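# Structure assessment
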Amino acid sequence: TFDFAKDKRGGGQPQGFGGADILRFIDSETSTTKSVVLTQYEEFVIPHDGERRDPRGLEEILRGELDDRFFGVIHYSGQHGSWRDALRDALERSQLFGG
C-alpha cells in the first residue's frame, strides 16, 4: 500500500502493515466481510515490538485481532505452486469458492 497523499505522480512511500490496517478497518466497519492475506514478503517486522516474524507469525497476530472471518496468511511464490493450494483451501473454508 502507498500513502495516497504522496501518490499523485505514480509514486509514494510504502506503508508498512498497510494491509493489516485495511483488514482492521474492514473488521470495524462490517460483520460479514471475509478475508485472506496473500503476500510475497517472507518476513515482517512487527511495529509494536520490532520482532521479525514469518507469514505464520503474522497470521497468529491477525488471528488474535480478527474473528473467524479471517482465513489466514498465505506466502506467494511464483517459483513454487503450493500457495495455490493454500489459497484454494482458504477459499473453500470461507465458503466463497467450492465449499
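Since this is a predicted model, take the numbers as computed values, not measurements. (Residues numbered from 1 in each chain as written. Predicted model: local features only at pLDDT ≥ 70, side-chain atom pairs only at ≥ 80, totals over all residues. Heavy atoms only, no water.)

## With respect to the overall build of the chain
Scanning the chain from terminus to terminus reveals 3 helices and 4 strands. Taken over 99 residues, the chain has a buried fraction of 24%. Excluding contacts between residues fewer than 6 apart, the proportion of contacts in the chain whose partners are at least 24 apart in sequence is 45%. Carbon and sulfur atoms provide 49% of the accessible area of the chain, an area that totals close to 7100 Å². (Helix = DSSP H or I, 4+ residues; strand = E, 2+ residues; numbered from the N terminus. Buried < 20%, exposed > 50% of the residue type's maximum accessible area, 1.4 Å probe, protein only. Contact = heavy atoms within 4.5 Å. Areas by Shrake-Rupley, 256 points an atom, 1.4 Å probe, with all protein chains shown as cover.)

## Notes on the pattern of salt bridges
If you walk through the whole model with that rule in mind, you get 10 salt bridges. Between Asp67 and Arg69 there is a salt bridge, and its shortest N-O distance comes to 3.1 Å. Take Asp67: its relative accessible area is 37%, and that puts it in the partly exposed class. Arg88 serves as the salt-bridge partner of Asp85, at 3.0 Å between the closest nitrogen and oxygen. With Asp85 and Arg88 both in helix α3 (residues 82-94), this residue pair falls 3 residues apart, about one helical turn. (Salt bridge = Lys/Arg side-chain N within 4 Å of Asp/Glu carboxyl O.)

## Considerations on α3
Taking 1.5 Å per residue, 13 residues should reach 18 Å; α3 reaches 19 Å between its end C-alpha atoms and fits that length. Along α3, the residues that are buried comprise Trp83, Ala90 and Ser94. Along the long axis of α3, the arc covered by the buried residues comes to 35°, so they all point the same way. Elements in contact with the buried residues of α3: β1 (35-39) and β4 (70-75). (Expected span 1.5 Å × (residues − 1). Arc of directions from axis to C-beta.)

## Considering the environment of Pro55
By secondary structure assignment, the location of Pro55 is in helix α2 (residues 55-65). Since its relative accessible area comes to 9%, Pro55 is described here as buried. Not counting residues within four places of it along the chain, the set of residues in contact with Pro55 comprises Tyr41, Glu42, Phe44, Val73 and His75.

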